[in-house]
Amino acid sequence: MEALWDEDLWVWQLDVGAPGSPNDINVMYQSSLSLDVTAGRWPPCNRSYTPNGTSRTLPDYLVDAVYPRYAFLMSRHRMPSTEEQKVFNRLQEAVCKDVERLFGILTQRNAST
Amino acid sequence: MGVDGQDPVYIEHDFNTRFCVPRAVLRCGSLEVKDTTFFRRHLNSTSCPQAHQLQKLVAVFRVLAYGHAEDRSDELVRQIRLTILYSVKCLVACIVSRWESTYQQRPNNVELKTILDRNAERVFPGCMGSLDWSHWACHQCPRGMARSY
């Protein structure tokens, strides 16, 4: 099950039915979201924003550290060495845990394990 | 209210246990599928009426809610396995075509702007949300009889 969602439990996309054997990366490669992003159909790049002084237009998704380093995925540093990287990791995990909360809620409500 | 203005045969709890789903869900499903070609009641070549749509729906919900094999409830609803299998497909297709655009859609520009603004306050400008993946086994999956045939 692959899920994509924001803060107030609004699930944009839920891909269910992948067999149990593929890992996160393989599921992402075959999901319709990733296919749309690589084909340029999603997301709309009409707003620019400026993190760290560089201007970007492509919005991104927060993911775990296991995902590959694509432009539309923002993962945390795998081995944070400097204080700046550690602070970034802490903040990123704080926002990224939204999706873990979703899985918790889904499994609790539907009593599936 | 039941048939002809009489009291319903089953109270809500009995209805749940008997038909696997609450009354509102079964009613909603039956209203949704009643005009589809497959669920409409047909006459076969000997002019006998075929299965009623509620008959088919009961079988579908048994498969979906209890994870029964398709031929498990054939005596109850008097249908062949393939009919039940096809009913499941038709109902799921109905549900997807009717409610997919309501519940599963990507945000439009206005909603995306709200999300981006709110995430910018949470020190991640340009973040549209989070994405992850999790194993979630379907405990109703009828795998007990796998590879038996």
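In this report, we go over the structure that sits alongside the text. Each chain has its residues counted from 1, running along the sequence as written. Here every chain gets a letter starting at A, and every ligand a number starting at 1, in the order they are written. Confidence filtering applies because this is a predicted model: local features only for residues at pLDDT of at least 70, side-chain atom pairs given and counted only at 80 or more, and all residues used for totals across whole chains, interfaces and linings.

### Re the overall build of chain B
Convention followed: Counting from the N terminus, the helices are the DSSP runs of H or I reaching at least four residues and the strands are the DSSP runs of E reaching at least two. For every residue, the other C-beta atoms within 10 Å of its own C-beta are counted; 20 or more classify it as buried, 12 or fewer as exposed, and values in between as partly exposed. C-beta atoms are placed from the backbone. Whether two residues are in contact is decided by their C-beta atoms, placed from the backbone, lying within 7 Å.
On a plain count of helices and strands, chain B comes out with 6 helices and 1 strand. Its helices and strands taken in sequence order, chain B reads α-α-α-α-α-α-β from the N to the C terminus. For chain B, buried positions account for 19% of its 149 residues. Contacts in chain B between residues far apart in sequence, at least 24 positions, make up 48% of those at least 6 positions apart.

### A word on the overall build of chain A
The helix and strand tally for chain A stands at 3 helices and 4 strands. Moving toward the C terminus, one meets the helices and strands of chain A in the order β-β-α-α-β-β-α. The 113 residues of chain A split such that 15% are buried. In chain A, the proportion of contacts linking residues at least 24 apart, taken out of those at least 6 apart, comes to 29%.

### Regarding helix H6 (residues 109-121) of chain B
The criterion, for reference: Given the number of residues in a helix, its expected span is that number minus one, multiplied by 1.5 Å.
The end-to-end C-alpha distance of H6(B), which contains 13 residues, comes to 18 Å, matching closely the 18 Å that a straight helix rising 1.5 Å per residue would cover. Positive phi shows up at Val123(B), right after H6(B), with a value of about 55°.

### Considerations on helix H2 (residues 32-39) of chain A
Counting buried positions along H2(A) yields 0 of 8 residues, so the element is predominantly exposed. Following H2(A) by one or two positions, Gly40(A) has its phi on the positive side, about 85°.

### Regarding the environment of Leu116(B)
Along the polypeptide, Leu116(B) turns up in helix H6. Among the residues examined, Leu116(B) registers 18 C-beta atoms within 10 Å and is labelled partly exposed. As for Leu116(B) and Gly129(B), which are separated by 13 residues in sequence, their C-alpha atoms are 8.7 Å apart. With sequence-adjacent residues up to four places away left out, Leu116(B) is seen in contact with Arg47(A), Pro59(A), Gly126(B) and Met128(B).

### Quick notes on the interface of chain A and chain B
Here is the rule: Each residue receives one of three labels: charged for Asp, Glu, Lys and Arg, nonpolar for Ala, Val, Leu, Ile, Met, Phe, Trp, Tyr, Cys and Pro, and polar for the others, Gly being one of them. Being paired, for any two strands, means DSSP has found at least two bridges between them.
Taken residue by residue, the interface counts 36 residues in chain A and 25 residues in chain B. Secondary structure elements with two or more residues in the side of chain A that touches chain B: strand E1 (2-5), strand E2 (11-15), helix H1 (24-30), strand E3 (60-62) and helix H3 (83-110) of chain A. Class assignment of the residues belonging to the side of chain A that touches chain B gives a composition of 22 nonpolar, 5 polar and 9 charged. Strand direction decides the pairing type here: E3(A) and strand E1 (residues 127-133) of chain B, joined by 3 bridges, are parallel.

### Some words on unusual backbone geometry
Residue and element names in this part refer to chain B. Backbone geometry at Ser47 places phi at a positive 65°, although glycine is not the residue there. Looking at where Ser47 falls in the secondary structure, it is placed in the loop between helix H2 (23-33) and helix H3 (53-66). Residue class for Ser47 comes out exposed when judged on the 6 C-beta atoms lying within 10 Å of it. With phi around 55°, Arg78 is a residue other than glycine that occupies positive phi space. Positionally, Arg78 belongs in the loop between helix H4 (74-77) and helix H5 (81-103).

### Some remarks on the packing of H2(B) against H3(B)
All names here are of chain B. Quick reminder of the rule: To obtain an axis, a line is fitted to C-alpha atoms, over the contacting stretch when the element is a helix, and the angle between two such axes runs from 0 to 180 degrees between their N-to-C directions. In what follows, roughly perpendicular refers to angles from 65 to 115 degrees, roughly parallel to angles under 35, roughly antiparallel to angles over 145, and oblique to any angle outside these ranges. By definition, turning the near helix anticlockwise from the far helix through less than a right angle yields a left-handed crossing, and turning it clockwise yields a right-handed one.
It is at 10 Å that the axes of H2 and H3 come closest, and there the two elements cross at 125°. Taken together, the axis directions place H2 and H3 in an arrangement best described as oblique. As for how H2 packs across H3, the hand of that crossing is right-handed. Taking contact as the criterion, the partners of Leu26, Gly29, Ser30 and Val33 in H2 are, on H3, Gln53, Leu54, Leu57 and Phe61. Taken together, the residues of the contact of H2 with H3 sort by class into 5 nonpolar, 3 polar and no charged.

### Let's talk about the packing of H2(B) against H5(B)
Residues and elements named next belong to chain B. Viewed as axis vectors pointing N to C, H2 and H5 meet at an angle of 90°, and their least axial separation amounts to 10 Å. Classified by the angle between their axes, H2 and H5 sit roughly perpendicular to one another. Seen from H2, the contacting residues are Gly29, Glu32 and Val33; seen from H5, they are Cys90, Leu91, Cys94 and Arg98. Class assignment for the residues of the contact of H2 with H5 results in 4 nonpolar, 1 polar and 2 charged.

### Digging into the nonpolar core
Basically, it comes down to this: Think of a nonpolar core as buried Ala, Val, Leu, Ile, Met, Phe, Trp, Tyr and Cys residues chained together by C-beta atoms that fall within 7 Å.
If you look at the biggest cluster of nonpolar residues, it comprises 12 residues: Tyr61(A), Leu62(A), Val63(A), Met74(A), Cys96(A), Val99(A), Leu102(A), Ile115(B), Phe124(B), Cys127(B), Met128(B) and Leu131(B). For Met74(A), the contacting residues outside a window of four places in its chain are Asp60(A), Tyr61(A), Leu62(A), Val63(A) and Cys127(B). Phe39(B), Leu57(B), Val60(B) and Phe61(B) belong to the second largest nonpolar core, which has 11 residues in total.

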